[in-house]
Amino acid sequence: MTFLPVHAIVNLRMLFLLIGACCILVGVNGGWDGEVGLLRRGRGGAGGGYQREFDYFKLSLQWPGTYCRRTRRCCSSNACCSRSNSPPVFTIHGLWTEYNDGTWPACCSGKAFDEREISTLLEPLRKYWPSLSCGSPRSCHHRKGPFWAHEWEKHGTCAYPVVHDEYEFFLTTLNIYFKYNVTEVLFEAGYVPSDSEKYPLGGIISSIENAFHATPELTCSGDALEELRICFYKNFEPRDCARDTSALSRGSCPQYVSLPAHGSWDEIRISNTTAAS
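Per chain, residue numbering runs from 1 following the sequence as it is written. Totals for whole chains, interfaces and linings use every residue, but because this is a predicted model, local features are given only for residues with pLDDT of at least 70 and side-chain atom pairs only at 80 or more, for both listing and counting. Remark: hydrogens and water are excluded; side-chain values derive from all non-hydrogen atoms of the structure.

### Topic: the UniProt feature "active site" (unreviewed entry) in the protein chain
UniProt positions are given in the numbering used here, feature names are shortened, and annotations may be inferred rather than shown by experiment. Under the UniProt annotation, the feature "active site" (unreviewed entry) is placed at H93, E151 and H155. In three dimensions, the annotated residues from a span of 63 residues occupy one location, with a maximal C-alpha spread of 11.3 Å. Counting through the fold element by element, H93 comes out in strand 5 (residues 91-98). Working definition: with a 1.4 Å probe on protein chains only, accessible area under 20% of the residue-type maximum means buried, over 50% means exposed, and in between means partly exposed. Overall, the relative accessible area of 17% leaves H93 in the buried class. Put simply, DSSP H or I for four residues or longer makes a helix, DSSP E for two residues or longer makes a strand, and each gets a number counted from the N terminus. Structurally, E151 is set in helix 4 (residues 147-154). Taking relative accessible area as the criterion, E151 reaches 1% and is therefore assigned buried. Note on definitions: a residue-residue contact is assigned when non-hydrogen atoms from the two residues lie within 4.5 Å. When near neighbours in sequence (up to four residues on either side) are disregarded, E151 contacts H93, G94, W96, W129, G156 and F169. Think of a polar contact as two N or O atoms within 3.5 Å of one another; within protein, one of them needs to be a possible hydrogen donor and the other a possible acceptor, and neighboring residues in sequence only count if both atoms come from side chains. Side-chain polar atoms of E151 contact the side chain of W96, separated by 3.1 Å.

Structure representation (structure tokens):
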């Protein structure tokens, strides 16, 4: 009877282990490869392949008064149509994962959004993370769905290993939003909603820098402030959004910007009708 040498047996065992590991990897629909520190895209991710771990977080906040000026029709999902009695505050657009080179990962896992996972968070989410349009954004699974589904599947799935699941993603985002209260900082500095006042862009940026010791990123629609973004290290300490703060992108913002007041749907409709005539 012929026996294989010991080194041959070891090599065969290693081969079987490698084959088994490959089978496991093929069966996984997206996820985290701890050995190489890369995120695997699920079947919903465009292009497939690996994406490296993100470098930092970006909390993007939107000013409803600017977004809602563009409202042309109402629907049950459009918070612009039902916020006349709500406080004028920045609302959440999303918590995004970013690379230092200006690119970002997207659609890093195959797990689809499930509203049941965040059932205990629905009240604050509807108030502070509403959709401001009637459109249904396309998710990573090539189907249209709610705003929250888009944000979780495109951005939240890429937040691993800092954020582990859908519930943690939305809870973490809400906690950061409340801790770093942009609306409160700007209101205390005198930057309040107005349809007639214009504020210096540099003053708004300085107010955020003084409060959080980090430089934000801003985008505008015309002369109206549209989004204000705060960036964070992975431990959720604030950091500059731009690596070179002297070259900070201020989007399309002019030197003086407005914070349009958010009126009722009737006021928005009348304003849009007047503008179109």
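### Looking at the state of the cysteines
Note on terminology: disulfide denotes any pair of cysteine sulfur atoms within 2.5 Å. Per the counting criterion, the structure on display carries five disulfides. One disulfide bridge connects C68 with C80, the sulfur atoms lying 2.0 Å from each other. On the sign convention where negative means left-handed, the S-S torsion of about -80° between C68 and C80 marks this disulfide as left-handed. Here C68 is found in the loop between helix 2 (64-67) and strand 5, whereas its partner C80 is found in the loop between helix 2 and strand 5, with twelve residues between them in sequence. Each member of the pair C68 and C80 is classed as buried.

### Observations concerning the packing of helix 4 against helix 5 (residues 166-179)
With axes taken as lines fitted to C-alpha atoms, and helix axes fitted only over the stretch in contact, angles between N-to-C directions fall between 0 and 180 degrees. Interaxial distance between helix 4 and helix 5 falls to 11 Å at its minimum, and their mutual angle equals 105°. On the basis of their axis angle, the class for helix 4 and helix 5 is roughly perpendicular. Counting all contacts with helix 4, which are made through W148, E151 and W152, the residues of helix 5 involved are E166, F169 and F170. Should an angle lie under 35 degrees it is considered roughly parallel, over 145 roughly antiparallel, and from 65 to 115 roughly perpendicular; all remaining angles are considered oblique.

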